[in-house]
Amino acid sequence: MRADAEIQKDVMAQLKWEPILNSAEIGVSVKDGVVTLTGIVDSYYKKTCADLAAKKVLGVRAVAEDIQVGLSPEYRRTDTEIAEAVVAALAWHTAVQEDKIKIKVEDGVVTLDGAVDWNFQRTSAADTIKNLAGVRWINNNITIKQGITPSDVKHKISASLQRNATIDSGKISVDVVGSKVILRGVVRSLAERDDAEYAAWAAAGVTNVENKLIVTEPAFAY
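Residues numbered from 1 in each chain as written. Predicted model: local features only at pLDDT ≥ 70, side-chain atom pairs only at ≥ 80, totals over all residues. Heavy atoms only, no water.

Visitor: Explanation requested: the layout of surface pockets in the structure shown.
Guide: Left-over empty space is what a probe sized like a water molecule reveals as it rolls over the atoms. Considering only enclosed or pocket space, the largest pocket measures out at about 970 Å³ in volume. Taken together, 23 residues make up the lining of the largest pocket; nearest its centre are Asp51, Leu52, Lys55, Asp127 and Asp194. Of the residues in the lining of the largest pocket, the class split is 8 nonpolar, 4 polar and 11 charged. (1 Å grid on protein atoms, 1.4 Å probe; cavity = no way out; pocket = protein on both sides within 12 Å on 5 of 7 lines; lining within 4 Å. Points joined across faces, edges and corners; volume = space filled by probe spheres on them. Nonpolar A, V, L, I, M, F, W, Y, C, P; charged D, E, K, R; others polar.)

Here it is in structure tokens:
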């Protein structure tokens, strides 16, 4: 098991490696493999990038992300301006069913509601607007329409895991109950855990993924 000091050093190095981030704005503490990120950044996009960067580091078991978005004057927008920018961004994105999405903006917090056919449409909606100026937070309440065959979905997800070069599919089991997918087993990093969950969400009609994968460090031969 890696020491917390080693993990902290690598997380700080990874944050510094990300070109969009100013690592001096982000504090990093580690206890028992759990990383806590603190600080203030000027966009929601940077907040999410810091979270993803920390998850890439070997030995990180979980990330507690407590970074605040403090908008500088040049990034400030009225809620009306933000709403107009969100509508325009969703309309230009071919993967998003913007006609099925309702938008609410309050004090820079964007709430998305509605129902779509695929999870990638749900995530694409949030991804499309997370780098818009003035956005402080995104509540993605978009749901996914049900209607799947569990056995067919299980086969497709298992095949997807096997194709993915970043995932050791032999250590992951997939169960489908109704429209919910349950992942069990062990992975080598939080990034691999997220990749497996992404593969499960890629199946049409999946409305919930219960990720029970446990992060364990790989054994090295010396």
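More follows now that the structure is in view.
Visitor: Is there a simple way to explain the environment of Leu161 in this structure?
Guide: Assignment of secondary structure puts Leu161 in helix α5 (residues 150-163). For Leu161, a relative accessible area of 2% gives the class buried. Considering only alpha carbons, one finds Leu161 and Ala200, 39 residues apart in sequence, at a separation of 8.4 Å. Leave out the neighbours within four places in its chain, and Leu161 touches Ile167, Ser169, Ile172, Val174, Ala196 and Ala199. (Helix = DSSP H or I, 4+ residues; strand = E, 2+ residues; numbered from the N terminus. Buried < 20%, exposed > 50% of the residue type's maximum accessible area, 1.4 Å probe, protein only. Contact = heavy atoms within 4.5 Å.)

Visitor: Looking at this structure, how should I read the nonpolar core?
Guide: When a protein is soluble and globular, its nonpolar side chains tend to lie buried together. Among the nonpolar cores identified, the biggest contains 41 residues, and Val11, Leu15, Leu37, Val181 and Leu183 are the most heavily contacted of them. Considering every element that reaches this core, the biggest residue donor is helix α6 (residues 190-201), with 5 residues. In contact with Val181, other than residues within four places in its own chain, are Val153, Ile157, Val174, Asp175, Val176, Ala200, Val206, Asn208, Val209 and Glu210. The next biggest cluster of nonpolar side chains, apart from the first, holds 18 residues, and it includes Leu90, Val110, Val116 and Ala126. (Core = buried A, V, L, I, M, F, W, Y, C linked by side-chain atoms within 4.5 Å.)

Visitor: Explain empty space enclosed by the protein here, please?
Guide: For the structure shown, the criterion picks out 1 cavity of 30 Å³ or more. Volume-wise, the largest cavity comes out at about 30 Å³. In this structure, the largest cavity is lined by Asn119, Phe120, Thr123, Tyr198, Trp201 and Ala202. Secondary-structure elements contributing two or more residues to the lining of the largest cavity are α4 (119-129) and α6. For the lining of the largest cavity, the element with the most residues is α4, which contributes 3 residues. Considering only residue class, the lining of the largest cavity consists of 4 nonpolar, 2 polar and no charged.

Visitor: So what exactly am I meant to see when it comes to the pattern of salt bridges here?
Guide: Once their charged atoms are close, side chains differing in charge can pair, the charge on each being opposite to the other. Across all of its chains, the model carries 15 salt bridges by this definition. Glu65 serves as the salt-bridge partner of Lys47, at 2.9 Å between the closest nitrogen and oxygen. Here Glu65 lies in strand β3 (residues 62-69) and Lys47 lies in helix α2 (residues 44-55), a separation of 18 residues in the sequence. Taking the relative accessible area as the measure of exposure, Lys47 reaches 6% and is therefore buried. Lys55 is the partner of Asp194 in a salt bridge, and the nearest nitrogen-oxygen pair spans 3.5 Å. Of the two residues, Asp194 is situated in helix α6 and Lys55 in helix α2; the sequence distance between them amounts to 139 residues. Residues joined in a network through salt bridges with shared partners are Asp51, Lys55 and Asp194. (Salt bridge = Lys/Arg side-chain N within 4 Å of Asp/Glu carboxyl O.)

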